[in-house]
Amino acid sequence: HFVRVGRLNSRGRSIWMSDHNVETTGEVSLTNAQFWSLYLAEHQQLANCWLHVLGTIASWLVIAVAIVWQWWWLLILVPLVGYGPAWLGHLFVEGNRPLSIRYPVRSLMADYRLTWQMLTGGRRGGVTSELRVNADDDVQSSNANREPDA
């Protein structure tokens, strides 16, 4: 049996993974590699990726200003400044729900990784070859063993 953990937006295909990772709570327990593939599947549009970079850097700047000038009240703005552009990207560019709602810590770490890749040229296009290989393998192997969507 397989469970759907996300969808590939550009093709509208779902990512399915073995349900042996499903805990009694119904949550999917993903390895770091599986989570990164899911994260990339939800961040295929370059505009959305750049909105994530904007939010991440802006939140760092707010933290820096708060520390340097000891304006601690600014720290209240960090989530809004950081998540605002990213969530707008999910709403208007990708048309999906942010992973930070379900996986807040892992998503934050993935945002930092995405920011690093975008700024260093490690990610230039919409979908990386890493995503195509991992996600397509998961989809193809799981689609053969699952029941159709209702």
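Here, every reference points to the structure presented above.
This one's a predicted model, so the numbers in the text were calculated from it and none came from an experiment.

Before going further, it helps to examine the overall build of the protein. A count of helices and strands for the protein gives five helices and two strands. Listed N to C, the secondary structure of the protein is β-β-α-α-α-α-α in terms of helices and strands. Within the structure as shown, the protein displays about 8700 Å² of accessible surface, and the carbon and sulfur contribution to it stands at 62%.

Let us look at the packing of aromatic side chains. Taken as a whole, this structure holds seven aromatic pairs when the rule is applied. Both rings, one in F35 and one in Y103, keep their centres 5.2 Å apart while their planes meet at 70 degrees; by these two values the pair is edge-to-face. One end of the pair, F35, is in helix α1 (residues 32-41); the other, Y103, is in the loop between α3 (78-94) and α4 (104-120), with 68 residues separating them in the sequence. Pairing W71 with W73 gives two aromatic rings, centres 6.5 Å apart and planes at 20 degrees, and the pair type is stacked. Through pairs of rings, three or more aromatic residues link up here, namely F35, W36, Y39 and Y103. Geometry around W36 places R113 over its ring, the cationic atom sitting 3.9 Å from the centre.

So, about the layout of surface pockets. To locate leftover empty space, one rolls a probe as large as a water molecule over the atoms. The volume enclosed by the second largest pocket comes to roughly 190 Å³. Among the elements of the structure, α2 (46-68), α3 and α4 are those that each provide at least two residues to the lining of the second largest pocket. Here the lining of the second largest pocket is composed, by residue class, of seven nonpolar, five polar and one charged.

This structure, assessed with the given rule, holds one cavity of 30 Å³ or more. By volume, the largest cavity is sized at about 60 Å³. Lining the largest cavity, in full, are Y39, H43, H52, Y83, A86, W87, H90, P98, L99, S100, S107 and D111. Elements supplying a minimum of two residues to the lining of the largest cavity: α3 and α4. Sort the elements by how many residues they give to the lining of the largest cavity and α3 lands first, with four residues. Residues that form the lining of the largest cavity fall into these classes: six nonpolar, five polar and one charged.

In this section: α1. The element α1 is largely enclosed, with a buried count of eight among its 10 residues. Listing the buried residues of α1 in full gives Q34, F35, W36, S37, L38, Y39, L40 and A41.

Moving on, we come to the packing of α1 against α4. Contact geometry for α1 and α4: axes closest at 11 Å, N-to-C directions at 65 degrees. For the element pair α1 / α4, the angle class is roughly perpendicular. In this structure, α1 crosses over α4, and the sense of that crossing is right-handed. Contacts between α1 and α4 involve N32, F35, W36 and Y39 from the first element and R106, S107, A110, D111, R113, L114 and Q117 from the second. Of the residues assigned to the contact of α1 with α4, the class counts are five nonpolar, three polar and three charged.

Now for a nonpolar patch on the surface. A contiguous nonpolar patch, built from W60, I63, I67, W72, L75, V105, M109 and Y112 and spanning about 760 Å² of accessible area, is present on the exposed surface. Where the nonpolar patch is concerned, the elements lending two or more residues are α2 and α4. Mapped onto the fold, Y112 is located in helix α4. What makes Y112 partly exposed here is its relative accessible area of 30%.

Reading guide: rules and limits
Residues numbered from 1 in each chain as written. Predicted model: local features only at pLDDT ≥ 70, side-chain atom pairs only at ≥ 80, totals over all residues. Heavy atoms only, no water. Helix = DSSP H or I, 4+ residues; strand = E, 2+ residues; numbered from the N terminus. Areas by Shrake-Rupley, 256 points an atom, 1.4 Å probe, with all protein chains shown as cover. Phe/Tyr/Trp six-rings, centres within 6.5 Å; stacked < 30°, edge-to-face > 60°. Lys NZ or Arg CZ within 6 Å of the ring centre and 35° of its normal. 1 Å grid on protein atoms, 1.4 Å probe; cavity = no way out; pocket = protein on both sides within 12 Å on 5 of 7 lines; lining within 4 Å. Points joined across faces, edges and corners; volume = space filled by probe spheres on them. Nonpolar A, V, L, I, M, F, W, Y, C, P; charged D, E, K, R; others polar. Buried < 20%, exposed > 50% of the residue type's maximum accessible area, 1.4 Å probe, protein only. Axes fitted to C-alpha atoms, helices over the stretch in contact; angles between N-to-C directions. Parallel < 35°, antiparallel > 145°, perpendicular 65-115°, else oblique. Left-handed = near helix turned anticlockwise from the far one by under 90°. Contact = heavy atoms within 4.5 Å. Patch = residues over 30% accessible without salt bridge, like charges linked within 9 Å, V, L, I, M, F, W, Y side chains within 5 Å. Salt bridge = Lys/Arg side-chain N within 4 Å of Asp/Glu carboxyl O.

Keep in mind these numbers describe shape, not what the thing actually does.
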